[in-house]
Each structure stands twice: as structure tokens, then as C-alpha cells.
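Okay, here's what each chain looks like letter by letter:
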Amino acid sequence: MLRMLERLRKRRDALKCPVRAAAFCERYEGFKELLESNSELLTLLAEVDAMLAGDDVFGMAWVRSRASRIAFHGGRVVHGLNRLSGGRYRALAEAMDGLKERIREVAEARRVEACPHLVLPYAAITRQMVDWVGGKNAALGELTGLPGVRVPPGFAVTTAGYEMFLAEAGLEAVVRRAAMDLDPADPASARRVSEDIQHAFLRAPLPAALERAILDACAALPGDGPLALRSSAIGEDGELSYAGQYLTVLNVPRDRVAENCKRVLASLFTPRAIAYRLHQGVSASDLAMSVGVLAMVDAHSAGVAYSRHPADPARDAVLVNAVWGLGAFAVDGVVQPDEYLLGRGAGLPLLAVHPGAKAVRLAPGPAGRLEEAPVAPELAGAPCLDEAQARLVAAAAMALERHFGTPQDVEWAFDRAGEFYVLQARPLRAVPGGPPAPPPPGAEVLLAGGAPACPGQGTGPVRHVLGVDDVADFPQGAVLVTRHSSPKYVAALARASAVVAEVGSVTGHMAALAREFRVPAVFGLPGALAALPAGLVVTVDGSGGRVYRGAVAGAAQAGDGPDRGMRGTPVHAVLARLAALAVPLHLTDPGAPEFAPAGCRTVHDVMRYAHERCYEEMFRLGDLTVEQTGAARRLDAALPLDLYVIDLGGGLRDVGPGQGSVRPEQVASVPFAALLAGMGHPGLTGQTPRPVNLGGFFSVLSRQMLEPPASPGERFGGRSYALVSDSYLNFSSRVGYHYSVLDAWCGPRVDENYVSFGFKGGAADDVRRQRRTRAIALILERLGFRVECVADRVQARFRKYGQAEVRDRLDQLGRLLVYTRQMDMLMVDEAMVERAAQCFLTQCYDLGRAPDAPGAPGA
């Protein structure tokens, strides 16, 4: 469109448009500006409205870009109208300025009050400080000093430290630039964005004040042993878990804490964290990272406890998982942990023990390293905990549930001296599944005996995932089958119908994510990769821990699948607020008192008002042009309208100086010639007089005699105008009480071609006019136009098609303009809507004599 305007401008200059015509040229370009931005706004509002359904993934970058473009094009519509009218709509500009300010406020995230401290000891932290230290640190600070619970001594690097780091290193701009390249439809883009941001973080030095605060806090901790650094991002362990998405660094020497803090801060932008936030609808502007710095627990055994069973929360039981050594091998699915099930009643009775195969363990090594060490054969299959230890862990989980008032997911460890520590506590995300059902009759069970990580059923073709590289192109609806469960596969969870893992536990990070995404999952099925070849269609029973061959009837009912849409996410809430300022239309009746700038409550209202008034201004401009400039020539043709042609360059041929009229054969404009061909179609020009339906006749007559025109443009008769170039047409038509504006480009470049058509008015009562409107909309939809229909107004668009297709649609519009003259009197009932459309599309243009039409023979 911009290229087209520039071409027309150059042609105007080349023709040395006289001074008296310059005002017309200037105002006409205002009209073009209005139409272009109106078209863009229609697309933007449709996109926002579609995204409100919550089915597609989008982030705050998408919302902000639409907000910015809606505000820009809304302002441009108003600017174009004022340019067209000579500045007569300043009140509309004020209304739009108010909307732009409100849109800006919605799109800009508001941060909470900044923390006044760079570091805070756990003893000074409460859960109310979650916006300063993140969910993980807030919980540990809350538990410090709680009777019966031991937390390792430590402190939090607050979000103020993170903000200082970003500001002094200039990283905010890096994050914004990289985020612009994030494409929700391209999982690989998360990796590219992650690399750019993390490299910038790791290259930047920590602010001196922040580094000194960290070192002083480390010196205040007891002893001189290594430390553990844990992420504690804003939003983590709250409504969303972020399980396994950020970095934990263990066994860190005290002189290397500051540099490793940067690694944890940078982990805010790991590929899996970016993908997770994108699918959970979390705004990038809401991000901030705190770091927990704790004394390192050299664990003899460690694991996770759930104060209720995640797949059956109604069951009166506590679930405890345990491995030898550090607990990372349990939550990351490296080994199959022990499983202990304890009753929640008096004495916490041990109900069941299922030892896992724990061939290796993770242990601290020299110089800050972590080492994978073999487990002695006699211990690999032996329980890590005795009955008393299992009860101690279960009792702690229940105590934390009572304290926080909700079921808890607790990471814990026993050190080599047998001391028990709580390392993390967060709300448990359970998915009720009920007791498992037996296999359906006739179902072939391929695998059984797995741990139900997330209940439900999912069916699809098997896709093996052996590493992060296999996630980028994971197909929608496939069943993810892997060796070890891992939170690194979070991007695939958004597209998977189910998950099967040979090794993993229901208390691991991937199990938590599967429940969060509501993806049926079964872990602990050795040999799954061999038993389930790629491409085989299977049904995963997440409640029964089984996998069936094929799509098992009754196992995966429609609607059982997870609701992974954006509804309820923070980003969706922002979009809803933006949509409320942009999408609803309140101004529907141009004759109503509220149809005024003061009544514009949304951008759509501004569009509607401007679009209504621009037609009036365009007709006024056309009248002025004919009367004052002499730039228009009357078309000498057998057409039912008084048509004047204004040549912007290359639209007419063989026109002599001072020639006041032109014939159709002198038209060189491709789109105008196509429109004229349609208007002169033999089936329309050769019609005989039509029978008159008296009800329709009196409806038209009463409107003409008793009602004043709703606007200056809505009058009986009057001039019509065609502004043309070789490839361009703007056609403003008045026939009776109808008026229409058609804007089109028809050239060799498909990307530039478009037709925009608006039709309004009529001489009948409101009911018949609206029937006529629906009939026109139906015709245009069946011709492939995108159509918006409000009251008695139709707006239609046809974009990016070849020249031959655009010429055909312009020919059809020419026919439609003549065809609509007869509709006012004949739209006597609802059946005429479909009948009128069908007659036009079958080229039976004499609607009055169509079979079964009112007034037709035999009707």
C-alpha cells in the first residue's frame, strides 16, 4: 500500500497537479491513509479476538506489538479523517488519544516496589517477601526457625541485585532485542534467543556493590564448606512450578559464589525456561531472579516427599521417594528411586515399599565438582531409608502442609551424620484421577506396571526423544517415549498427547510438569523404547500405568485431553484488558445521539465513526473537485449513475485538452475497466420492467417521504466518482439511497493486489435494509471475500490474489452494484436473503422474476 501511494504521488507531481487541485490531492491521500489503517485494524482486531479463545500460544511480546500497532493505526485513522476533512474531527482525535494512553498502560507491566536490600539472610525472610526473593527463598525463609524443621543456613540474593546487574550491564536492552526474535511457532527460536541472552549475562561483570554484598553474606555463614546455589525466580513455586527450568549449582567453593550467581541469574533464559514461560503465558516483563545461597548438605540419601499422592490426592497417604547421594538424580529422572507409601493416620504406618534400581549416585567431588559414583551392588536395590527415617520425612511433609495450608512437594536430605534437612517446599500440583480401571475388553497391553505420573489417557504415534535436539520438531499429538524423564523436554509437553519414560518417578520434575500441562504420563517402564517403535500408534493409560496397542476404544474419549490453552494465564489476562479497549463495537446506529466522538469507548468505535464520516467527506470532496478544479471528466456510458472520472496518471487514454467527458473504451485502468464490464453485463442491462411488491414499494416510499437522510452522503441520486491510475481504482458511488466505496489495486504483483469494498444505506425500512445487507454479505463471502457486517453496512476485503482473480472479483462487484438497486422493495421476508444470493451467483440477475420471488409469476 505504501508503495502504491508513493507511485500515485509521483504521478501527481509528474502531471503538475494545479494548485487548485493540490487540496484535492492532499485530502485524497488522507482518505487513502484512513482506508489503509482501517484495513490493518480490522486484521489486528480479528487477531486479538482469535487469540482470546486461548487456544494458541503467545507471549507479552505479541500482546505489546498488537497494542502498539492498534494504537498507531487507530491514531492514523483519525489523522486521515482530519486530513480528508480539513481538520473537522478534533474531538475524535481527543477520544483516540485517551484510548491510546489506556492501551499503553495495559501493555506496560507494573513492577512491585523495589527491595531495599541486595541480600537478605533467611532468618529475616517471610513468605510475604516473595516479590523480593522468589517463591523458593520465601518458603525457606518462612521455615527457618520453625519447630521440628531444619533448613541449611543461608541467604538470598534479592531481585534488587538482579535489577542492579541488568541496569549496570545494559542487559535490559539485550533481553528486549533478543525477545523480538522469539517465534512461538518455532521451538528452535527459544534456543537462539537463549544463547544470545545467556552469553551477554556471563560476559558482563557483577556490580561491585552486589559482589561485595554477596561475599560479606557468605562470610557470615558458619564454617567454610562449599555452598549450594539455587534459583528462586519471581513466580516460581507459586501458581506455576517452573519445575527443573532454572539452574541449581551444587558444591560451590566460597570464593566462586559470585561468578556462579551469574550463571543462576542467566538461567532465567534457558531454552526450556523460555519455552515453559511461553506456553504458560508469563510476561517477560514480570521476570526477575533471586538466588538462594545455602550451606551444602553432603547427602547420604535424599529425595522428594509429597504430603498427598499426586495422582490420587483423596487417598489418605504420603508418598516419599529416595535415592543414594544427592537428590538431583531423583528429580531429574537419572535413576529409579525407592518409593515409600505411608498412611497419614496415627503413627504414619508404612503401607508399601518399592525399592528402585539405584546403580549410581551423585556426590560432591574435589574443587567444586560433582561426581557420578557407582553404588555397591548390595545397596543398589536396597531401600535408602529405614522405617523410622521414612516416617520422619512423611511427618515433615505433613507438618509443612499444616503450616502452609496446602499439600506440599518437599525436597529433603539426610546428611552423613543422619541429620534431616528440608531443602525446598512448594505447593503440590495434584491431578485427581481416581482408581485405575482394568484394561478395556480386547485391548492389547504392550507395557504394564508403570508408575502413574499423571492420570488420564492419551493416544498418538510414538516419537522417541533421546535428547533436547529431538524436542524442536516434536509433532503435535505424538506420544513422547524417552529413556530418562527430564524437565528439559518441557517444550514437547505442550504438543504431546502422553509421555512414557523407562526411568523416572512421580515426584520428579518432569512428572510435576506433566501434571501442570495435564499430559497423561507413565514412568518406570523398562524397555519402553524397544517395545514401542517410532510411529506405532499407542494409547497411554496414565491412571493404570499401562500402554495399549492402537487407539483403544473407550480409553481416550473426546474431551479427556488436557486443556493447555492460554486461558487463565497472566498474559491472557493482559490480552483481555487490551481487547476490552479495542474489540467491542458500541456505535452501531449512525442516527443515534451517541453516534459521536464522545460515544467512542473502543478503537472499534473510533473506526466505525471514522469510516461512516469518511464516505460523507469523500463525496463532499468529489463534489468540490467537479465544481472547482475541473479535474473530473464525466463518463459517457449507459450506466444507472452520474459518474465522473479523475485520472491520477495512466488511468485514461487518448484524452484531449479540455475534454469534459470520456467513453468506456478510453479507460486504461485495469481495475476500473473490470468494474465497468460488470456494471454493463448484458444480464443486467437487458432487464425488462420488474413486477413491484407493494409492501416493499410503500416501505421505500415512506422512507423517502417521511425520513430525513441519516447523513449528508445518504441522499437520493447525486454524483459518483472514480479515481483511477493504470492499476488503481477508488470508486465512490451513490445510486438512490445506497452508497458504496470501492478501493482496489490490480497489478502483476500478487502481494500488492487487493479489493476493499464498503456498502451502506438503502431506501427501505431497517428490517429490509438489514436483509439486503445480509444478502450482499452472503454473496461476497461465497466469492471469497472476508466480510464484516454491522447493521446496514457491509465491509469486505479480498487480498493477495493474482491479477486475473482480482479482475474477476471487480467484475462481480460491478454487477452487484447494479443488482442491489432492486433489493429494497423485494426483501420482504428472511427467505429472500438466501434467494437473492443464490440468484446472483447463478447469474439470474432479475430478482423480481426469479422463481418463487415475491411478485414473480406463480408467486
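Each value, and the rule that gives it
- Residues numbered from 1 in each chain as written.
- Predicted model: local features only at pLDDT ≥ 70, side-chain atom pairs only at ≥ 80, totals over all residues.
- Heavy atoms only, no water.
- Helix = DSSP H or I, 4+ residues; strand = E, 2+ residues; numbered from the N terminus.
- Contact = heavy atoms within 4.5 Å.
- Buried < 20%, exposed > 50% of the residue type's maximum accessible area, 1.4 Å probe, protein only.
- Pairing = 2+ DSSP bridges.
- Right-handed = clockwise from strand over helix to strand, strands pointing away.
- Axes fitted to C-alpha atoms, helices over the stretch in contact; angles between N-to-C directions.
- Parallel < 35°, antiparallel > 145°, perpendicular 65-115°, else oblique.
- Left-handed = near helix turned anticlockwise from the far one by under 90°.
- Nonpolar A, V, L, I, M, F, W, Y, C, P; charged D, E, K, R; others polar.
- Phe/Tyr/Trp six-rings, centres within 6.5 Å; stacked < 30°, edge-to-face > 60°.

Caption draft 1: Spotlight on the side chain of Gln-812. Within the secondary structure layout, Gln-812 lies in helix α24 (residues 803-819). Excluding anything up to four places from it in sequence, Gln-812 contacts Leu-783 and Phe-840.

Caption draft 2: Focus on the environment of Phe-420. Note on placement: Phe-420 falls in strand β13 (residues 420-427). For the pair formed by Phe-420 and Ala-302, sequence separation is 118 residues and the distance between their alpha carbons is 9.4 Å. Beyond its immediate stretch of four places on either side in the chain, Phe-420 contacts Arg-150, Leu-392, Val-393, Ala-396, Trp-412, Ala-413 and Phe-414.

Caption draft 3: Geometry of the environment of Ala-576. Residue position: Ala-576 is located in helix α18 (residues 570-582). Classification of Ala-576 by relative accessible area gives partly exposed; the value is 33%. The spacing of Ala-576 and Val-48 is 528 residues in sequence and 8.8 Å in space, taken between C-alpha atoms.

Caption draft 4: The arrangement of the pairing of strand β18 (residues 498-503) in detail. Of all six residues in β18, six are buried; the element is thus mostly enclosed. Pairing of β18 with strand β19 (residues 521-523) involves three bridges; the strand directions are parallel. The partner of Ala-501 across the bridge, within β19, is Phe-523. A crossover connection joins β18 to the parallel β19 through helix α16 (residues 509-517); in handedness this β-α-β unit is right-handed.

Caption draft 5: Highlighting the sheet that holds strand β7 (residues 317-324). Spatial ordering of the open sheet is given by β9-β8-β7-β6-β12-β13, a layout of six strands whose pairing is antiparallel. Every interior strand has two partners, whereas the edge strands, β9 (350-354) and β13, have only one. Taken over all neighbouring pairs, the strand axes of this sheet differ in orientation by 20° on average, direction set aside. Two strands pair when backbone bridges link them, and strand β8 (residues 338-343) and β9 are joined in this way by four bridges, in the antiparallel orientation. Paired with Glu-339 across the strands is His-354, a residue of β9. The strands touched by helix α14 (residues 387-404) are β6 (299-306), β7, β8, β9, β12 (408-415) and β13; relative to β12, the strand with the most contacts, the crossing angle is about 140°.

Caption draft 6: Molecular detail of the sheet that holds strand β4 (residues 248-252). Read across the sheet, five strands follow the order β1-β2-β5-β3-β4 without closing on themselves; strand pairing throughout is antiparallel. The outermost strands of the open sheet, each flanked by one partner alone, are β1 (119-121) and β4. Looking at each pair of strands side by side, their axes are set apart by 20° on average, direction ignored. In this structure, β1 lies alongside strand β2 (residues 154-157), joined through three bridges in antiparallel fashion. What sits directly across from Pro-121, in β2, is Phe-155. Across the sheet, helix α10 (residues 257-266) is in contact with β2, β3 (227-233), β4 and β5 (289-295); its angle to β3 comes to roughly 30°.

Caption draft 7: Spatial organisation of the packing of helix α8 (residues 188-203) against α10. Running from N to C, α8 and α10 cross one another at 160°; their axes reach a closest spacing of 9 Å. Considering their axes alone, α8 and α10 lie roughly antiparallel with respect to each other. The interaxial crossing formed by α8 with α10 has right-handed handedness. Every residue of α10 that contacts α8 at Gln-198, Phe-201, Leu-202 and Arg-203 is listed here: Lys-262, Arg-263, Leu-265 and Ala-266. In terms of residue class, the contact of α8 with α10 is built from four nonpolar, one polar and three charged.

Caption draft 8: Region of interest: the packing of aromatic side chains. Counting across every chain of the model gives 15 aromatic pairs. Judged by centre distance (5.6 Å) and plane angle (85°), the ring pair of Phe-165 and Phe-201 falls under edge-to-face. A residue pair is termed long-range when its members are at least 10 positions apart, and Phe-165 in helix α6 (residues 159-169) and Phe-201 in helix α8 qualify at 36 residues. Neither Phe-165 nor Phe-201 differs from the other in exposure class; each is buried. Consider the rings of Tyr-728 and Trp-745, whose centres lie 6.4 Å apart with planes at 40°: the pair is tilted. Here Tyr-728, found in strand β26 (residues 728-735), pairs with Trp-745, found in strand β27 (residues 738-745); they are 17 residues apart in sequence, far enough to count as distant. As far as burial versus exposure is concerned, Tyr-728 and Trp-745 are alike and both buried. Site record: aromatic cluster; members linked through ring pairs are Tyr-89, Phe-595 and Tyr-609.

These results come straight from atomic positions and should not be treated as a statement about function.
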